[in-house]
Amino acid sequence: SQYIQKFINETWLERYGSVLPQETLVLLWSLIVSVYCIGGTIGCLCSGYLTAKFGKKKCLLFNDVILIIATLHTGFSRRAKSFEMILVGRFLEGIGAGIHMNAHVQYVGEISPKKLRGFINVTSTVFLALGKTVARILGLSDLLGTEDMWNVLLSFSGLVALIQLLFLPFFPESPPYLLLQKEDKAGCL
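All values derive from a computational prediction rather than experimental measurement.

Chemist: Which residues make up the overall build of the chain, and what values do they have?
Modeler: For the chain, the helix and strand inventory stands at ten helices and zero strands. Its helices and strands taken in sequence order, the chain reads α-α-α-α-α-α-α-α-α-α from the N to the C terminus. Principal-axis analysis of the C-alpha atoms places the extent of the chain at approximately 65 × 30 × 25 Å. Expressed as a percentage of the 189 residues in the chain, the buried residues total 35%. Long-range contacts, defined as pairs at least 24 residues apart, comprise 71% of the intrachain contacts of the chain with a sequence gap of at least 6. Put simply, the chain shows about 11,300 Å² of open surface, and 69% of that area lies on carbon and sulfur atoms.

Following this line, the structure appears as structure tokens:
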């Protein structure tokens with residue numbers, strides 16, 4: 001957090017030639033932290049409509065594109081000297097997280113065999129915890145938690161979205177979507 005605050009301060013000083021007041025810095029930092037939750041709320045509220053209209057698989061693929069765009073914003077914010085890109089990236093990451101937390105559980109539950117359905121539905125929680133653990137480890141000062149690498153750390157989740165974007169097209173569409181929306185009885189068997 002101190003590296004991002006320092007980046008905001010340096011960017012402000014370079015742009016406007018004055019030091020950013022401490023209250024404004026705290027406000028900007030608070031916005032960067034909380035805009036993720038705002039995006040997450042919007043993503044959760046939109047996910048039901050998106051999954052019903054386009055299907056869970058297409059929704060997850062679209063969501064991967066949103067997450068890659070978001071991580072590009074956070075990753076290139078230092079090069080562009082724009083703390084606003086961090087705000088946009090965090091907001092988009094929140095939207096992506098909100099959509100994903102709903103669509104993923106529905107999708108894997110619908111495509112998994114009945115015997116494994118309960119086990120497969122737990123993967124969302126397991127991988128969320130694993131992701132938090134990996135982020136904590138990568139955030140150590142010996143790895144990516146440095147002044148030179150904080151933007152790489154913020155954009156690391158784009159790698160997971162890219163992997164899913166590459167491999168998800170080979171998975172089937174969810175049977176309820178095929179039956180109810182596409183009226184494809186043969187495709188959902």
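Chemist: Explain the UniProt feature "transmembrane region" (unreviewed entry) in the chain to me, and be specific about the residues and the numbers.
Modeler: The residues that UniProt annotates with the feature "transmembrane region" (unreviewed entry) are residues 26–52, 59–76, 118–138 and 150–171. In the segment residues 59–76, helix accounts for 94% and strand for 0%; the C-alpha atoms at its two ends are 26 Å apart. Each end of residues 150–171 is marked by a C-alpha atom, and these two atoms are 34 Å apart; helix forms 73% of the span and strand 0%.

Chemist: Lay out the side chain of Thr 71 with the relevant residues and their values.
Modeler: As for its placement among the helices and strands, Thr 71 is situated in helix 3 (residues 56–75). Looking at Thr 71, the relative accessible area reads 5%, which means it is buried. Not counting the four nearest positions on each side in its chain, Thr 71 is found in contact with Glu 93, Leu 154, Ser 155, Ser 157 and Gly 158.

Here is what the cut-offs are and how they apply
Residues numbered from 1 in each chain as written. Predicted model: local features only at pLDDT ≥ 70, side-chain atom pairs only at ≥ 80, totals over all residues. Heavy atoms only, no water. Helix = DSSP H or I, 4+ residues; strand = E, 2+ residues; numbered from the N terminus. Buried < 20%, exposed > 50% of the residue type's maximum accessible area, 1.4 Å probe, protein only. Contact = heavy atoms within 4.5 Å. Areas by Shrake-Rupley, 256 points an atom, 1.4 Å probe, with all protein chains shown as cover. UniProt positions renumbered as here; feature names shortened; annotations may be inferred.

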